[in-house]
Amino acid sequence: MTRPDPVKLPEEATSVRIVLCDDHAVVRAGLRALMDSAPGIEVVGEADSGAEAVALAMKLTPDVVLMDLQLGEGLDGVEATRRITAASGGSVHVLVLTTYDTDADITRAIEAGATGYLLKAERPDELFTAIHSAAAGRTALSAPVAHRVMARMRSPRPALTDREREILGQLARGLTNRDIAKALYLSEATVKTHLGRIYGKLDVDTRAGAVAVAKEQRLLP
């Protein structure tokens, strides 16, 4: 009597190896506990700064770096993302996990090479799904972030020129048109012309409004 071939069990799926980067120890501990509860995800390292995240990414070559944007002094999350994606040739994917959802933050992170952008208010199951998507190189965006990206694509706001950013920076310091003109070696008429263009691009009509939008969108030099 011929024995039946033994049943082959499916091989266990390889876990997604991740590095956590957040400058708050309590947040990292919470994320690690959450990741430890998720099948198919393994935390292989933790970083409390952008520089450490870059170093660990190069040393450990994880599938995904879960990256906060605001990291105190030194490299912020955007610059760390840029260095990781550049140094790894895109083999290490960066998934931003942050509380900030301004257009400027989203744009800077995506331009730096982030594979995804999630908000910390996401449900755990959505975070786990996003991590697996990022590991596979697929874009993962929180619903509010996706909405902002689509809205921006449908109605893109003109970018400020270097000169306009300089003037905006002087404006944020409380300088008058005359003071700005002296500081930048321009005529007052030229400063007024630039301010008019800045107001139009930022969709404001006051100096205070321009400064407020600039701070919200991190446009100041």
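Residues numbered from 1 in each chain as written. Predicted model: local features only at pLDDT ≥ 70, side-chain atom pairs only at ≥ 80, totals over all residues. Heavy atoms only, no water.

1. With respect to the overall build of the chain
Stage number 1. Counting its secondary structure elements, the chain contains 10 helices and 6 strands.
Stage number 2. For 221 residues, the compact-globule formula gives about 17 Å, and the C-alpha radius of gyration of the chain, at 23 Å, lies well above that figure.
Stage number 3. Across its three principal directions, the C-alpha atoms of the chain cover 100 × 35 × 30 Å.
Stage number 4. Considering the chain as a whole, with its 221 residues, one finds that 41% of them fall into the buried category.
Stage number 5. Residue pairs in contact within the chain that sit at least 24 positions apart in sequence constitute 63% of those at least 6 positions apart.
Stage number 6. Carbon and sulfur atoms provide 53% of the accessible area of the chain, an area that totals close to 12400 Å². (Helix = DSSP H or I, 4+ residues; strand = E, 2+ residues; numbered from the N terminus. Rg over C-alpha atoms; globule rule 2.2 N^0.38 Å. Buried < 20%, exposed > 50% of the residue type's maximum accessible area, 1.4 Å probe, protein only. Contact = heavy atoms within 4.5 Å. Areas by Shrake-Rupley, 256 points an atom, 1.4 Å probe, with all protein chains shown as cover.)

2. Section: the pairing of strand 1 (residues 16-21)
Stage number 1. Most of strand 1 is tucked away, with 5 of its 6 residues classed as buried.
Stage number 2. In the sheet, strand 1 pairs with strand 2 (residues 41-47) via 6 bridges, with the strands oriented parallel. Bridge pairing in strand 2 places arginine 17 opposite glutamate 42.
Stage number 3. Examined bridge by bridge, strand 1 and strand 3 (residues 64-67) share 4 bridges and lie parallel to one another. Within the sheet, the bridge partner assigned to isoleucine 18 lies in strand 3 and is valine 64. (Pairing = 2+ DSSP bridges.)

3. Topic: empty space enclosed by the protein
Stage number 1. The final tally for this structure, using the stated rule, is 1 cavity of 30 Å³ or more.
Stage number 2. Put simply, the largest cavity is a space of about 30 Å³.
Stage number 3. Lining the largest cavity are Cys21, Asp22, Leu31, Leu66, Met67, Asp68, Leu97 and Lys120.
Stage number 4. Per-class residue counts for the lining of the largest cavity are 5 nonpolar, no polar and 3 charged. (1 Å grid on protein atoms, 1.4 Å probe; cavity = no way out; pocket = protein on both sides within 12 Å on 5 of 7 lines; lining within 4 Å. Points joined across faces, edges and corners; volume = space filled by probe spheres on them. Nonpolar A, V, L, I, M, F, W, Y, C, P; charged D, E, K, R; others polar.)

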